[in-house]
Amino acid sequence: MNYLNASCVISHQRIRKDEIMILENNEGDLPAFLGAVYAHFDFQYPKFYKMDTLSKLGWLAAELLLQDGFPKSQYAPENIGVILSNANASLDTDLKYWETVKTMPSPALFVYTLPNIVAGEIAIRHQFKGENAFFISPTFDAGTLHWYTNDLLDNGRLAACICGWVEELDNRGVAALFLVEKERRGAGIPFNEAAIQRIFAGDNE
Amino acid sequence: MPEVYIVSDNIVSPLGSGTAENFGQLTAGVSGIRRQVAPEFSDKPFYASLMNGTFTARLYTKFEQLLLMSISGALQNSRIDPGDPRTILIISTTKGNIQMLETQAYSPELKERISLMTSARMVGEHLGFVQTPIVVSNACISGLLAIITGTRLLQSGKYTHAVIAGADIVSKFILSGFQSFLAVSSEPCRPFDLNRDGISLGEGAGTMVLSTAREYPGRIRVLGGATGNDANHISGPSRTGKELSAVVDRAIGESGLDKTDIDFISAHGTATPYNDEMEARAIAHSGLLGVPVHSLKGYYGHTFGAAGIIESIVAVESLRRDCLIPSKGFVELGVSQPIHIIDHVSRTPLHNCLKTASGFGGCNAAVVFGKTFAP
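Remember, it's a predicted structure, so these values are computed and weren't measured experimentally.

A. Here's a closer look at the overall build of chain B. Counting secondary structure elements, chain B contains 11 helices and 17 strands. Relative to the globule expectation of 21 Å for 375 residues, the C-alpha radius of gyration of chain B, 19 Å, shows essentially globular dimensions. Within chain B, the fraction of its 375 residues that count as buried is 62%. Once local pairs closer than 6 in sequence are excluded, the contacts in chain B between residues at least 24 apart make up 80%.

B. Quick peek at the interface of chain B and chain A. The interface of chain B with chain A comprises 38 residues on the first partner and 39 residues on the second. Of all the secondary-structure elements, those providing two or more residues to the side of chain B that touches chain A are helix H5 (116-127), strand E6 (134-136), helix H6 (142-155), helix H7 (172-180), strand E10 (221-229) and helix H8 (242-255) of chain B. It is H7 of chain B that contributes the most residues to the side of chain B that touches chain A, 6 residues altogether. By residue class, the composition of the side of chain B that touches chain A is 17 nonpolar, 17 polar and 4 charged. Pairing of strand E5 (residues 132-136) of chain A with E6 of chain B, which is carried by 2 bridges, proceeds in the antiparallel orientation. Within E6 of chain B, the position partnered with isoleucine 136 of chain A by the bridge is valine 135 of chain B.

C. How the structure looks around helix H9 (residues 273-285) of chain B. Residues and elements named next belong to chain B. Taking 1.5 Å per residue, 13 residues should reach 18 Å; H9 reaches 19 Å between its end C-alpha atoms and fits that length. In this fold, the buried residues of H9 make contact with H8, strand E11 (264-266), strand E12 (292-294) and strand E16 (352-359). Glycine 287, located one to two residues past H9, shows a positive phi value of around 75 degrees.

D. Examining the domain arrangement of chain B more closely. Residue and element names in this part refer to chain B. Entries for chain B in the domain assignment read domain 1 (4-211) and domain 2 (221-370). Here domain 1 and domain 2 have C-alpha centroids that lie 20 Å from each other. Between domain 1 and domain 2, the contact holds 59 residues from the first and 54 residues from the second. Breaking the side of domain 1 that touches domain 2 down by element, the ones donating at least two residues are strand E1 (4-13), helix H1 (19-27), strand E4 (46-49), H6, strand E7 (161-168), strand E8 (201-202) and strand E9 (204-211). Broken down by element, the residue count for the side of domain 1 that touches domain 2 peaks at 8 residues, all from H6.

E. Fine view of the packing of helix H2 (residues 62-76) of chain B against H5 of chain B. Residues and elements named next belong to chain B. For the pair H2 and H5, interaxial distance at closest approach is 10 Å and the crossing angle is 40 degrees. Like other packed secondary-structure pairs, H2 and H5 cross with a definite hand, here right-handed. Between H2, through Phe63, Glu64, Leu67, Leu68, Ile71 and Ser72, and H5, the contact on the second element is made entirely by Ser119, Met122, Val123, His126 and Leu127.

Rules and cut-offs
Residues numbered from 1 in each chain as written. Chains lettered and ligands numbered in written order. Predicted model: local features only at pLDDT ≥ 70, side-chain atom pairs only at ≥ 80, totals over all residues. Helix = DSSP H or I, 4+ residues; strand = E, 2+ residues; numbered from the N terminus. Rg over C-alpha atoms; globule rule 2.2 N^0.38 Å. Buried ≥ 20, exposed ≤ 12 C-beta atoms within 10 Å, placed from the backbone. Contact = placed C-beta atoms within 7 Å. Nonpolar A, V, L, I, M, F, W, Y, C, P; charged D, E, K, R; others polar. Pairing = 2+ DSSP bridges. Expected span 1.5 Å × (residues − 1). Domains from an automatic or database assignment. Axes fitted to C-alpha atoms, helices over the stretch in contact; angles between N-to-C directions. Left-handed = near helix turned anticlockwise from the far one by under 90°.

So this is what it looks like as structure tokens:
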């Protein structure tokens, strides 16, 4: 048995941490909202400003997910993994990069034309060096995410894992990240498909 | 856990159709990389390994046709039934149909058509798969990650057979991006060479069919696999190679083999200065300096989401034929560690090999393939 020790869902310009609303801000478009979240929580990470929208969304969700007591120092960096998924890969940034090709192709945008870059940004920020995977599914696939993450923990490949969904396109974004560990902490609940489906759906009806 | 056998495979590339034809070209030293004059991709000539012929089918794009050709080629040589609910299709790609952005305005229809899952479903349905495909898109480790995912799915008992297919095609989108990074070689790429100056792009598809069914004992197996992250930089590799080394050590550990059991390494070897140096350091750090190494990028170019699968198939064919393939484009060692680059075709008994890959986002992957496992 593995445990879901924290969750963070950013969607429709609301943020829920462990299923409790912690911020609501209906002003501005998605990039403006993400900038406001960064400012609201007084994060200090200048690289944030270089990121594309998908990475900003995932980075913020990971930052909030891991606040309050994630015992990172208990784990070797190689034992913490990042397993993510979404529907439209990096299409928003692909479109923005392609606009630059018409004049001067932007290497700074091109590097973000892969969906797993957000996992890399989270890994860099928190020094997570364990297993990585990025899956594409048309909608949130709780079954595959749950199975894959459980398999990594059950077979000793990881001791802790961030798993979830990070999607943004057409000025709409949803990040739903889950912190799964072998040990239960605080208000942790058993990690199962129904739990992550419920938390994801709770804010995406 | 059940043993995972490689029961069939196929490569569709500029070097030919089918694993045997491709392997014949590699042993003959033939490369698919040519000087290309293609204004639709680039104002100036560039070196790349491109598919010959035109892809005119209206329903399926070139990317999807490559997948269809490779998967049906692999299935023809096996008794695996795509209609069996115990069979899962896993698709690996980095950019899929991204070239559609170049000629079509963004719309809800384009968003649906360009999505990787749309291609995977169309390919799966055409070939009669009943399970919804799994799509992996994790930069240049996608192919190895797909093999690792398939292996874990089979070991867990969720499925009995896994058809793992990867493809990517060259587009102006991708070429312009690597040109903007000044990462495209001015000649056919030269992995690990002193004068290497970047990648050559390539296109193609590969399919590897895995099974835990009892009728395949004696086939070459997937013995272990692992992935990880440098946690260092999104577009530059680790300076030390320690993170790739840790992934290699985990994959070999999972295989149950000793490092001395590894007969050769099929490296990622993109021929960028930093990647190849990082890999050499990782090989040294893992204590594998004496093991023969090649990169196949000098033959195929970098085929991105297909690379891990095509290069794994060649590695497995090397094991079957006891034949080492040289690293094309290599003349003089250009990395800090004295790695042993394979420089000629040689026939020698081979039992186990290591395949590695690394990509943007700091990701690394390694898989061990082998003939036997005696604990």
